[in-house]
Amino acid sequence: MSAGDWCLIESDPGVFTELIKKFGVEGAQVEEIWSLDEELLSSLGPVHGLIFLFKWNPDVQRDGKVVTDGSGDHIYFAKQVINNACATQAIINILANVDHEDVKLGSSLTELKDFTMSFDPQMKGLSISNSQHIRSVHNTFARQQLFEFDQKSAQKDDDVFHFVGYLPINGRLYELDGLQEGPIDHGPIPPNSNWTSIGKPVIEQRISRYAADEIHFNLMAIITDQIVQAQRKIDLLKEAGLTDESDEVKELLDTVNAEKVKREKFKTENIRRRHNYLPFIVELLKTLASEGKLVDIVAEAKEKTEERQKAKKRKTAA
């Protein structure tokens, strides 16, 4: 992988949480969500932004107004100028606009934001693409490959997936899509209302414009670190005189422990994503071949594949 390449990374909360922490961000994590139900979102605490993955289709109608005049100068918006980086681009666009005491950008992203804030979206995107730190962190999630292939542009019939971000900025809902010329304004957020209640119909409307059998969507939320939230509540309860034996504190301690277990699982999964299993696979194939088993295994696999393909064709024809 050359210095200018950006790898594809998996859409996964464990990957994105480690990604932002390696950027130097504190007080935030990424959580996968299966619904925009208000009760579910409220249980997560402050939701700073939503990351939406979908199959990109230029023919699908878009809502909102693209802001290209000076009214959007207060918004940090970078265009995507590099391949495979739309996930990182969406995350940075969201984080650079988060204004919450829980979230600290860290020195790397703060310096990038301060240095490029006055740049136009194209130059912001170029600045991100030339950040050695951001690119290096992004590429730590590259999967090992046995062969290196020349990258090719997506063809007409290829499935192309894209990430965008949704978040509140100065009382309005914005969509930050690095393929657009500017932020997309989806209108005001009524006073004393949860911004996600305004974002919910926008996302649902977008999904509804795809075919009924289209399922390739993924939604994640950038939220306040769950351990930080729980520990803050524990401290307040203890200041009020409660101990670790109280039901309220026990429940929060269980939350902390469950989050730690989940992060250890994420850590293990990310190690496995990076691990080079290819030497093991090559040696396994050699061993199977030396024992005279490889040919039969390959033949059985081909037979099963052909059966699945025939079943698929029968199902399509029915």
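Higher on the page you've got the structure.
Since the model is a prediction, treat every value here as computed from it, not as a measurement.

Asker: Would you explain a negative patch on the surface in this entry?
Answerer: On the surface, a cluster of negative charge is contributed by Asp 247, Glu 248, Glu 251 and Asp 254. Topologically, Glu 251 is positioned in helix H9 (residues 247-274).

Asker: Any chance you could explain a nonpolar patch on the surface here in plain terms?
Answerer: Residues Tyr 277, Phe 280, Ile 281, Leu 284 and Leu 285 make up a contiguous nonpolar surface patch of roughly 470 Å² in combined accessible area. Among the structural elements, Phe 280 can be located in helix H10 (residues 278-290).

Asker: Explanation requested: the packing of aromatic side chains in the structure shown.
Answerer: Geometry of an aromatic ring pair is reported as the spacing of the ring centres plus the angle between the planes. Evaluation of the coordinates by the stated rule reveals four aromatic pairs. A ring pair is formed by Phe 52 and Phe 217, whose centres lie 5.9 Å apart and whose planes are at 5 degrees; its orientation type is stacked. Placement of the pair is Phe 52 in strand S2 (residues 47-55) and Phe 217 in strand S7 (residues 217-224), with a sequence separation of 165 residues. Its guanidinium or amino end placed over the ring of Tyr 76, Lys 124 lies 5.4 Å from that ring's centre, counting from NZ or CZ. We note Arg 206 situated over the ring of Phe 54; from NZ or CZ to the ring centre the distance is 4.2 Å.

Asker: When you look at the packing of helix H1 (residues 13-23) against H9 in this model, what are you seeing that I'm missing?
Answerer: If you want to describe how two helices pack, look at the angle between their axes and the distance between the axes. Relative to each other, H1 and H9 sit at 90 degrees, their axes nearing to 9 Å. One way to sum up the angle between H1 and H9 is to call them roughly perpendicular. For the pair H1 and H9, the contacting residues are Pro 13, Gly 14, Val 15, Glu 18, Lys 21 and Lys 22 in the first and Arg 263, Phe 266, Asn 270, Arg 273 and Arg 274 in the second. Classifying every residue of the contact of H1 with H9 gives three nonpolar, two polar and six charged.

The rules behind these values
Residues numbered from 1 in each chain as written. Predicted model: local features only at pLDDT ≥ 70, side-chain atom pairs only at ≥ 80, totals over all residues. Heavy atoms only, no water. Patch = residues over 30% accessible without salt bridge, like charges linked within 9 Å, V, L, I, M, F, W, Y side chains within 5 Å. Areas by Shrake-Rupley, 256 points an atom, 1.4 Å probe, with all protein chains shown as cover. Salt bridge = Lys/Arg side-chain N within 4 Å of Asp/Glu carboxyl O. Lys, Arg positive; Asp, Glu negative; His and termini not counted. Charge placed at Lys NZ, Arg CZ, Asp CG, Glu CD. Helix = DSSP H or I, 4+ residues; strand = E, 2+ residues; numbered from the N terminus. Phe/Tyr/Trp six-rings, centres within 6.5 Å; stacked < 30°, edge-to-face > 60°. Lys NZ or Arg CZ within 6 Å of the ring centre and 35° of its normal. Axes fitted to C-alpha atoms, helices over the stretch in contact; angles between N-to-C directions. Parallel < 35°, antiparallel > 145°, perpendicular 65-115°, else oblique. Contact = heavy atoms within 4.5 Å. Nonpolar A, V, L, I, M, F, W, Y, C, P; charged D, E, K, R; others polar.

Without other data, these values stay purely geometric and don't point to any function.
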